[in-house]
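Geometric and topological summary
The primary structure of each chain is shown beneath.
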Amino acid sequence: MSGGAHLLPDHTLAEVADGTLPEPDVVVVPAVASPTGAGEERLRRWIVERHRKGARILGVCAGSELLAAAGLLDDRDATSFWSNIGSLERSYPKVDWKRGRRYVEDGRVTTTAGVTSGTVGALRLVEELAGKAEATRIGTGLSYPGWTPDGPTTILANHLTLSDLPYAFNAAFPWLRPTTAIGLVDGIEEIDAAAAFEGYGGVSFAARTLVIGAGDTVTTRHGLVLVTRPAKGGAHGADRFVVPGVKNASGLGSALGGWARRNGLAAELPGGGRRSGEFGFDPVLRDLAERSDRRTALVTAKFSEYPSAHLELTGASWPWRSTLLAAAAVLVSVGVGLAPTAIRHTVRRRRPTA
């Protein structure tokens with residue numbers, strides 16, 4: 001959701017707590033902005049109570065910090081997004097943090113590595129709740145690279161390297177980056193939407209993103225309600241119009257098609273290039289490499305903890321826009337730092353001698 005979308009909830013925590021709704025069998029915990037803050041205290045207590053009453057807990061990516069802050073991971077094995085584990089080890093020493101694992105199960109608590117690892121952790125819970133055959137059916141349809149029901153949970157234990165600089169450059173120097181409008185249609189697959197949010201903006205920082213729909217909201221295939229900008233408006237500065245999950249122009253609908261024509265934008269359909277047996281992130285990463293650069297696409301896969309060895313990418317090798325901006329910022333900083341010395345030196349040279 002960090003790439004520009006907002007989600008409308010169906011119910012409140014109180015409706016479960018007071019018995020208006022049945023107790024959940026599974027509680028999925030994503031990252032939140034302030035996992036240790038007072039504003040999330042009620043949520044932390046609610047999650048602990050759901051676990052006490054028998055729910056399975058699935059902490060995805062940095063959602064593990066919310067679980068750790070709630071005390072639910074004390075004396076348990078757990079994992080998280082690779083770049084967070086060092087700080088988590090210092091902040092929550094009672095948790096046995098595991099590196100290089102796609103997911104870790106400890107009792108009824110499962111935690112996963114970075115973003116896309118949540119798919120694999122979810123398939124494990126499907127297997128436990130509905131059996132291996134059902135997990136295989138769903139997993140085969142999703143086509144997450146290398147996944148099998150009995151496959152290993154070990155993955156590469158990532159760490160920061162110089163090749164990750166595009167992530168820092170794109171995040172720190174957003175000026176002059178393009179604006180990508182992401183068009184959503186009712187019934188879109190959730191992973192197709194997530195791939196666009198994360199790939200174009202949420203993880204890559206390669207573009208400013210905005211979400212366009214036929215109306216004020218769009219309902220995904222399995223019932224999530226996402227808030228969108230209605231297609232009756234203007235382009236909002238958009239340079240591109242990308243519609244994920246749609247294979248041909250007939251799937252756009254009149255509202256999105258009309259919005260594109262009025263604003264002089266061609267509707268680009270990454271899903272139209274999706275190959276048989278591909279996960280939803282693949283076409284977005286290929287498009288990101290072609291329109292931005294290959295290194296940004298690979299870093300986006302790494303920071304989504306998504307396997308990238310199978311990707312065939314074309315495009316520039318490096319994000320020169322953000323790199324040049326970074327270089328310019330360094331030069332300006334050096335110039336500002338040296339300015340007082342240069343001024344004093346000039347003043348001394350011009351001062352008349354006795």
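Further up the page is the structure itself.
What you are looking at is a predicted structure, and each value in this text was computed from that prediction instead of being measured.

A few words on helix α7 (residues 165-172). For α7, the set of buried residues is Pro166, Phe169 and Asn170. Down the axis of α7, the smallest arc covering the buried residues is 95 degrees, so these residues share one side.

Attention shifts here to the nonpolar core. Counting residues in each nonpolar core, the largest one holds 30 residues, and the members touching the most others are Leu184, Phe197 and Tyr306. Those elements that place two or more of their residues in this core are α5 (117-130), α8 (190-202), α10 (281-291) and α11 (294-303). Beyond its immediate stretch of four places on either side in the chain, Leu184 contacts Ala193, Phe197, Val211, Ile212, Gly213, Ala214, Val218, Leu226, Thr228, Pro244 and Leu256. The next biggest cluster of nonpolar side chains, apart from the first, holds 20 residues, and it includes Ile47, Ile57, Val95 and Val109.

Our next topic: the side chain of Thr300. On the secondary structure map, Thr300 appears in helix α11. Taking the relative accessible area as the measure of exposure, Thr300 reaches 2% and is therefore buried. Polar contacts involving the side chain of Thr300 include one to the main-chain carbonyl oxygen of Thr296, which spans 2.7 Å. Contacts of Thr300, omitting those with residues within four sequence positions, involve Glu198, Gly199, Val203, Ser204, Leu285 and Leu288.

Our focus in this paragraph is the sheet that holds strand β2 (residues 26-29). Here 4 strands make up an open sheet; going across it, the order is β2-β3-β7-β6 and the pairing mixed. Both outer strands of the open sheet, β2 and β6 (103-106), are each paired with one neighbouring strand and no more. The average angle at which neighbouring strand axes cross in this sheet is 15 degrees, direction not considered. With 4 bridges connecting them, β6 and strand β7 (residues 109-112) associate as antiparallel partners. Paired with Val104 across the bridge in β7 is Thr111. Contacting β2, β3 (56-59) and β7, helix α2 (residues 41-52) runs over the sheet at an angle of about 150 degrees to β2. Contacts between α5 and the sheet are confined to β2, β3, β6 and β7, with β3 contributing the most and set at about 165 degrees to the helix.

With respect to the element layout, Glu41 can be found in helix α2. Taking the C-alpha atoms as reference points, Glu41 and Ala69, separated by 28 residues in sequence, lie 9.3 Å from one another.

In this section: the sheet that holds strand β14 (residues 267-268). Pairing is parallel in the open sheet, where 5 strands are placed in the order β12-β9-β8-β13-β14. The open sheet terminates on both sides in strands that have one partner only, identified here as β12 (229-230) and β14. Sheet analysis places strand β13 (residues 240-242) next to β14, joined by 2 bridges and oriented parallel. By the bridge assignment for β14, Val242 is matched with Glu268.

Turning our eyes to something else, we now look at the environment of Val60. Note on placement: Val60 falls in the loop between β3 and α3 (63-69). For Val60, a relative accessible area of 16% gives the class buried. In the structure, Val60 is positioned 54 residues away from Gly114 in sequence and 7.2 Å away in space, judged by C-alpha atoms. For Val60, the contacting residues outside a window of four places in its chain are Val28, Val29, Pro30, Ala31, Thr112, Val115 and Gly118.

This part takes up the packing of α7 against α11. At a minimum axis distance of 8 Å, the contact between α7 and α11 shows a crossing angle of 95 degrees. For the element pair α7 / α11, the angle class is roughly perpendicular. Contacts from Pro166, Tyr167 and Asn170 in α7 reach Arg295, Thr296, Val299 and Phe303 in α11. Split into classes, the residues belonging to the contact of α7 with α11 amount to 4 nonpolar, 2 polar and 1 charged.

With that settled, consider the packing of aromatic side chains. Aromatic ring pairs are described here by two measures, namely the spacing of the ring centres and the angle between the planes. This model, assessed by the stated rule, comprises 12 aromatic pairs. With 6.0 Å between their ring centres and 55 degrees between their planes, Phe81 and Phe303 make a pair best called tilted. Taken as a pair, Phe81 in the loop between β4 (77-78) and α4 (85-91) and Phe303 in helix α11 lie far apart in primary sequence, 222 residues in all. Given the relative accessible area of 10%, Phe81 is considered buried. A relative accessible area of 7% means that Phe303 is categorised as buried. Centroid distance Phe279 to Phe281: 5.7 Å. Interplanar angle 20 degrees. Geometry classified as stacked. A relative accessible area of 6% means that Phe281 is categorised as buried. Following the ring pairs from residue to residue traces out a cluster consisting of Phe81, Trp82, Tyr167, Phe205 and Phe303.

Basis of the calculations
- Residues numbered from 1 in each chain as written.
- Predicted model: local features only at pLDDT ≥ 70, side-chain atom pairs only at ≥ 80, totals over all residues.
- Heavy atoms only, no water.
- Buried < 20%, exposed > 50% of the residue type's maximum accessible area, 1.4 Å probe, protein only.
- Helix = DSSP H or I, 4+ residues; strand = E, 2+ residues; numbered from the N terminus.
- Arc of directions from axis to C-beta.
- Core = buried A, V, L, I, M, F, W, Y, C linked by side-chain atoms within 4.5 Å.
- Contact = heavy atoms within 4.5 Å.
- Polar contact = N/O pair within 3.5 Å; in protein donor to acceptor, adjacent residues only side chain to side chain.
- Pairing = 2+ DSSP bridges.
- Axes fitted to C-alpha atoms, helices over the stretch in contact; angles between N-to-C directions.
- Parallel < 35°, antiparallel > 145°, perpendicular 65-115°, else oblique.
- Nonpolar A, V, L, I, M, F, W, Y, C, P; charged D, E, K, R; others polar.
- Phe/Tyr/Trp six-rings, centres within 6.5 Å; stacked < 30°, edge-to-face > 60°.

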